[in-house]
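# Structural features, examined
Each chain, written out:
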Amino acid sequence: MGQLRSVIRRAGRLVGERWLGAVLPWAVSTVTMLALAGLLPDFRLRPAGGDGAARFVLAAALGAGAFGLLTAVVWPVLVRAFLLVPACVLGLLVFFLNGTLLVTALALVPVGGGTAEPETAVVVAAVVSAASSAAGGFVAVRDDGAYRRRLARLADRKRRRRGQPTGRHSSPGTVFLQLDGVGHDVLCDALRERWGARGRRRPPLMPTVAAWAAGSHRLTPWRTDWSSQTGASQLGILHGSNEDVPAFRWYEKETGEVMISNRPAGAAELQRRAAARTGHDGLLTADGASRGNLFTGGADQLALVLSVAARRGRHNRSRSGYFAYFSDPANATRTAVSYVAEVLREMGQSTRAKFHRETPRLGRGGLYPFIRAFVTVVERDVIVAAVIGDILSGRTSVYADLVGYDEVAHHSGPRGRDTHQVLRGLDRAVALIAKVTEHAPRPYRIVLLSDHGQSPGETFAARYGLTLQELVRTAAGRPARGREPVVLASGNLGLVSFPDLPGRASREHIERDHPGLLRTLADHPGVGFLLVRSAERGPVVLGAGGSEHYLDTGEGAEHSPLRGLGPGAVAAVRRTAGFPHAADIMVNSAYDPVTGEVHAFEEQIGSHGGLGGEQSRAFLLWPGELSAPVGEGEELVGAEAVHRVLRRWLCEASGRPQIPAGTVVGEPIPHEGVPVDESRSTAPVTAPFAVEGPAVRDKKF
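The rules behind the values
Residues numbered from 1 in each chain as written. Predicted model: local features only at pLDDT ≥ 70, side-chain atom pairs only at ≥ 80, totals over all residues. Heavy atoms only, no water. Helix = DSSP H or I, 4+ residues; strand = E, 2+ residues; numbered from the N terminus. Contact = heavy atoms within 4.5 Å. Phe/Tyr/Trp six-rings, centres within 6.5 Å; stacked < 30°, edge-to-face > 60°. Lys NZ or Arg CZ within 6 Å of the ring centre and 35° of its normal. Buried < 20%, exposed > 50% of the residue type's maximum accessible area, 1.4 Å probe, protein only. Pairing = 2+ DSSP bridges. Polar contact = N/O pair within 3.5 Å; in protein donor to acceptor, adjacent residues only side chain to side chain. Axes fitted to C-alpha atoms, helices over the stretch in contact; angles between N-to-C directions. Core = buried A, V, L, I, M, F, W, Y, C linked by side-chain atoms within 4.5 Å. Parallel < 35°, antiparallel > 145°, perpendicular 65-115°, else oblique. Left-handed = near helix turned anticlockwise from the far one by under 90°.

## Points about the overall build of the chain
A count of helices and strands for the chain gives 21 helices and 25 strands. A fraction of 72% describes how many contacts in the chain between residues 6 or more apart in sequence connect residues 24 or more apart.

## Some details on the packing of aromatic side chains
Considering all chains together, one arrives at five aromatic pairs under this definition. Pairing W622 with W649 gives two aromatic rings, centres 6.1 Å apart and planes at 25°, and the pair type is stacked. Of this pair, W622 sits in strand β23 (residues 617-623) while W649 sits in helix α21 (residues 639-654), and the two are 27 residues apart along the sequence. Each member of the aromatic cluster is reached from another via a ring pair, and the members are F460, Y464 and F601. The cationic tip of R537 hangs over the ring face of Y550; the distance from NZ or CZ to the ring centre is 3.8 Å.

## Remarks on the pairing of strand β12 (residues 444-449)
By the criterion of burial, β12 is predominantly enclosed, with six of the six residues buried. What you see with β12 is no split at all: Y444, I446 and L448 on one side and R445, V447 and L449 on the other are buried throughout. Sheet topology note: the strand β3 (residues 173-179)/β12 ladder contains six bridges and is parallel. Within the sheet, the bridge partner assigned to G173 lies in β12 and is Y444. Where β12 meets β23, two bridges bridge the pair, whose relative direction is antiparallel. Each bridged residue has a counterpart across the sheet, and for L449 the counterpart in β23 is L620.

## Thoughts on the sheet that holds strand β6 (residues 217-223)
With mixed pairing, eight strands are arranged side by side in an open sheet as β10-β9-β11-β3-β12-β23-β6-β24. In the strand order of this sheet, the two ends are held by β10 (301-303) and β24 (636-637), each with one partner.

## Some thoughts on the side chain of Q604
By secondary structure assignment, the location of Q604 is in the loop between β21 (597-598) and β22 (606-607). Within the structure, the side chain of Q604 is placed 3.5 Å from the side chain of H410, a separation counted as a polar contact.

## Comments concerning the pairing of strand β14 (residues 486-490)
Among the five residues that make up β14, five are buried, leaving the element largely enclosed by the rest of the structure. Residues of β14 alternate between two faces, with V486, L488 and S490 on one and V487 and A489 on the opposite face, all of them buried. The pairing of β14 with strand β15 (residues 493-497) spans five bridges and is antiparallel. Bridge assignment links L488 to a residue of β15, and that residue is L495. Linking β14 to β15, which pair antiparallel, is a turn of two residues; within it G491 sits at a positive phi near 70°.

## Some words on the side chain of Q229
Relative to the helices and strands, Q229 resides in the loop between β6 and α9 (230-239). Residue class for Q229 comes out buried when judged on its relative accessible area of 1%. Within the structure, Q229 has its side chain in polar contact with the backbone oxygen of A247 (distance 3.2 Å).

## Focus on the sheet that holds strand β17 (residues 538-542)
Read across the open sheet, the six strands follow the order β14-β15-β19-β16-β17-β18; overall the sheet is antiparallel. Of all the strands in the sheet, just β14 and β18 (548-550) have a single pairing partner and so form its edges. Going from strand to strand, the sheet's axes swing by 20° on average, the running direction of each strand aside. On top of the sheet, helix α17 (residues 468-476) reaches β14, β15 and β19 (585-589); it is set at about 150° to β14, its chief contact. Running over the sheet, helix α20 (residues 569-577) touches β16 (527-534), β17, β18 and β19 and is turned about 40° from β16.

## Overview of the environment of G181
Residue placement: G181 occurs in the loop between β3 and α7 (184-191). As for G181 and S450, which are separated by 269 residues in sequence, their C-alpha atoms are 6.2 Å apart. Once residues lying within four places of it in the same chain are set aside, the contact partners of G181 are Y405, D406, D451, H452, G453 and Q454.

## Focus on the nonpolar core
In this structure, W226, Y399, V573, L620 and L646 are the most contacted members of the largest nonpolar core, which totals 54 residues. Breaking this core down by element, the ones donating at least two residues are α9, α10 (264-278), β12, β15, β16, α20, β23 and α21. The dominant element in this core, judged by the number of residues it contributes, is α21, at seven residues. In contact with W226, not counting residues within four places along its chain, are L493, F529, L531, A572, V573, T576, M586, N588, G609, G610 and L611.

## Quick word on the environment of G363
Among the secondary structure elements, G363 is positioned in the loop between α12 (329-355) and α13 (368-392). Spatially, the C-alpha atoms of G363 and E603 are 9.3 Å apart, while their sequence positions differ by 240 residues.

## Re the packing of α9 against α21
Relative placement of two packed helices is described by the angle separating their axes and the distance separating the axes. At a minimum axis separation of 7 Å, α9 and α21 run at an interaxial angle of 30°. On the basis of their axis angle, the class for α9 and α21 is roughly parallel. Note that α9 runs across α21; the crossing there is right-handed. Seen from α9, the contacting residues are A232, S233, G236, I237, L238 and H239; seen from α21, they are A639, E640, V642, H643 and L646.

In structure tokens form, the structure reads like this:
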């Protein structure tokens, strides 16, 4: 009898929750529609049979009900159709779609109805959707017990669909959140209390992360490879090898094409090469999810992953994450409003920078405000929602990349009001994800990390009045025959290749064909050092004033141009010198150790990709119950080392290998000179992109 009463109580509670969850948003939408009808002259309700108050309420209720029904039924279909539209435009289309649905709903009301001008319909639909969403959220969180039961039901339902047992797991899952471009020093500044005007103490920019760093988590820096950019770092972190990735983009002589890390074909090829070298598919092979990354990491659940963007299928379409998010009209409206606000904010910040004559400064007009809003709002919201879904599903491992800071810092600099606002938004996203883990079907450990930092500085072109390409072609002269050198940029790292010289051109060959080129580049005040290969003495670093450092023998190390770049600079440059696709001439910009400034060879006042300053100091923040990344007094160096640490932590959590048995943790990767076994590839990948293609920034979408 007692069990029967318990079942009846649970059933009654469930019915009550669902009834309130349906009725309250409808009631709030009705009241909102009545208020807007009184405030907006172009929005009118037409009650049938007279003008009584009750008839107005009835017309509003029917209109709100029809609008809610249409959004629930029609909206997912519309969003799926509009996934063919460029993603950065999808947020703006939300307003038009919502307004169209409202006009349709008012026309379908059988008793009375209403009319609205098109522009007014957009406003009314946005406000009604926001009010309904707020009411639904109130219902969900008004009672902690009800909220937990709702999340538990959602998690169990998803796991049943995947054929996995329901109930709470004892082994913890792990969420890796990559805060793209947030360097160790920038993070430390964001975790400190600040002093405002009149000596008032202000909280940290990132209070959630600050509380973790002071309590449950531990923070350490890690040093990137010479190519301090997302392509190299994330490939090493997720797939265990970033061998032969000399930069963000580079020229491959055997194909006559430029490999670009953030193009689908380029990302897919890099992932294939890494898997062939390591013999495994990546960090996330055991029940993993990859969200917003360049590479899959071997995960079976993918959303907004560039390396599979060209594929088509139910589970691996790159835009499937957008459909999952925007199929909820409340999400669509909320994100669309935030998108427009961010566009206006960027316009205001750009105008303020121009008015105050801030330096260095870039032009931020054209499409940039819309690109920034997409990255910092739309992409962030979609990725966070996907991670929350993974947590509620009890997934074992999740790796997600939040790129908003990196995008803004490229145009506004690594520090300042613009980037402070992005850091606050990232902290809120982390706090939201952490809150959701309380209701997950298993405990979760959240690890924060970055792939690189950023170094400030005026661009090379702005400081010296010419681009690196112009400098190279002027010093090299016009070739008597053949093609001009290919000059590419990756932040403050430049790459010069001679397409008519097979293989890696030697220093002797370059000096014979272009006698003044190397010395002109090395002596330029905007250049820190060059890396070339001598046919007789191996890799050599050239600096101003005739300084030469032979990396194989160490000769000239006492006067090396690498001396001011930190203790790991020599090892990083030596490693890159052995890459088959290292450029004929690798050019690193000058670095000022006092100001920390470098000079990007592309249009960025916050840059990364080479050596010099904070760009090479990323961070790793991990829960204290996990083992330390390295021993006391040791330094964590390179993305491949970070991969081994993360893989070890997954093994600690699950008690089983996260990659196929037989692959030894920390096993050496074949030397760069050893041919790669390409038998694992299931389909040929075409050469990524022609040299004539436009250069692009280090972004994923």
